[in-house]
Amino acid sequence: TLKQPQCYEAIFSDARAEFRVRERDFDAHTEIVVSPEDDIELRRITLTNRARVRRTIEITSYAEVVLAPALADALHPAFSNLFVQTEIIPERHAILCTRRPRSKNDPTYWNFHLMALHGKESGEVSYETDRLKFVGRSKTLSNPQAMKVSAEGSNTLSGTEGSVLDPVVSIRRLIRLAPGESATLDVVTGMTDTRAGALALVEKYRDRRLADRVFNL
């Protein structure tokens, strides 16, 4: 982060935003769209290994969870975060988040965060929902602890879930690419009213054909 890559291009159109980056013999093409059918944002990342040797790369997503009106978050962010609960669904490579209602009149919302790899077998997948463990003490998002190898040599996220003090959603996948090989990942974030609805959307957007439909629409 905060570094000038070898090549960078941003393209904005009516339908999507696109970013192209070349760095360290990798080409990365990211397309960002919003579905007209469901309350989701889809980020498709296509990685290509331009080196002459086999390479291994890890992809890590990160987003901070609010699930509250902007004003409520701005006035009392720490207090507001206390009501958010997270749940990791490893068999679907997804994370669910919801806000515990403070009264019977409060609406319930469910957020889901999914990382789907298409057409290629993935290496290890790990998860994080605790911002403090991701960023680390006395560190920042431009140099977080999660991007460093631990003293034990591990580079997996902690897998913390439940009632965390400062909720985030982060998924990390390891990918191995032969020379000239490409891999496509979809990072999908969305909202529904129920847990069942969130799981249904996770299943829907794990399907490459249904994810392609968002781009076609």
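Cut-offs used in this document
Residues numbered from 1 in each chain as written. Predicted model: local features only at pLDDT ≥ 70, side-chain atom pairs only at ≥ 80, totals over all residues. Heavy atoms only, no water. Phe/Tyr/Trp six-rings, centres within 6.5 Å; stacked < 30°, edge-to-face > 60°. Helix = DSSP H or I, 4+ residues; strand = E, 2+ residues; numbered from the N terminus. Buried < 20%, exposed > 50% of the residue type's maximum accessible area, 1.4 Å probe, protein only. Pairing = 2+ DSSP bridges. Axes fitted to C-alpha atoms, helices over the stretch in contact; angles between N-to-C directions. Contact = heavy atoms within 4.5 Å. Arc of directions from axis to C-beta.

1. Overview of the packing of aromatic side chains
Considering all chains together, one arrives at 4 aromatic pairs under this definition. Consider the rings of Tyr8 and Phe19, whose centres lie 6.5 Å apart with planes at 40°: the pair is tilted. Here Phe19 lies in strand β2 (residues 17-23) and Tyr8 lies in strand β1 (residues 7-12), a separation of 11 residues in the sequence. Phe19 sits in the partly exposed class, given a relative accessible area of 21%. These aromatic residues form a ring-pair network of at least three members: Tyr8, Phe12 and Phe19.

2. Some details on the sheet that holds strand β7 (residues 84-89)
Reading across from one edge, β1-β2-β3-β4-β12-β9-β8-β7 is the order of the 8 strands in this open sheet, with antiparallel pairing throughout. The open sheet has two edge strands with one neighbour each: β1 and β7. Neighbour-to-neighbour, the strand axes of the sheet open up by a mean angle of 10°, direction not taken into account. Summarising the sheet, strand β4 (residues 40-49) and strand β12 (residues 182-192) pair through 9 bridges and their orientation is antiparallel. Bridged to Leu42 within β12 is Val188.

3. Focus on unusual backbone geometry
Its identity is not glycine, yet Asp25 carries a phi of approximately 65°, on the positive side. As for its placement among the helices and strands, Asp25 is situated in the loop between β2 and β3 (26-34). Overall, the relative accessible area of 41% leaves Asp25 in the partly exposed class. Positive phi, close to 60°, is recorded for Ser138, a residue that is not glycine. Considering the arrangement of structural elements, one finds Ser138 in the loop between α3 (131-135) and β11 (167-177).

4. Quick notes on the environment of Glu124
Topologically, Glu124 is positioned in the loop between β9 (110-118) and β10 (125-130). For the pair Glu124 and Asp25, spaced 99 residues apart in sequence, the C-alpha separation works out to 22 Å. Contact partners of Glu124, with chain neighbours within four places excluded, come to Thr156, Arg172, Arg173 and Leu174.

5. Brief notes about helix α5 (residues 208-216)
Listed in full, the buried residues belonging to α5 are Ala211, Val214 and Phe215. Viewed along the axis of α5, the buried residues span an arc of 100°, placing them on a single side of the element. Opposite the buried face of α5, at more than 90 degrees from it, the exposed residues are Arg209 and Asn216. Residues of α5 that are buried make contact with β3, β4, β12 and α4 (195-206).

6. Description of the side chain of Ser80
Position of Ser80 relative to the elements: it lies in helix α2 (residues 77-81). Take Ser80: its relative accessible area is 8%, and that puts it in the buried class. With residues up to four places along the chain from it excluded, the contact list for Ser80 reads Ala68 and Arg99.

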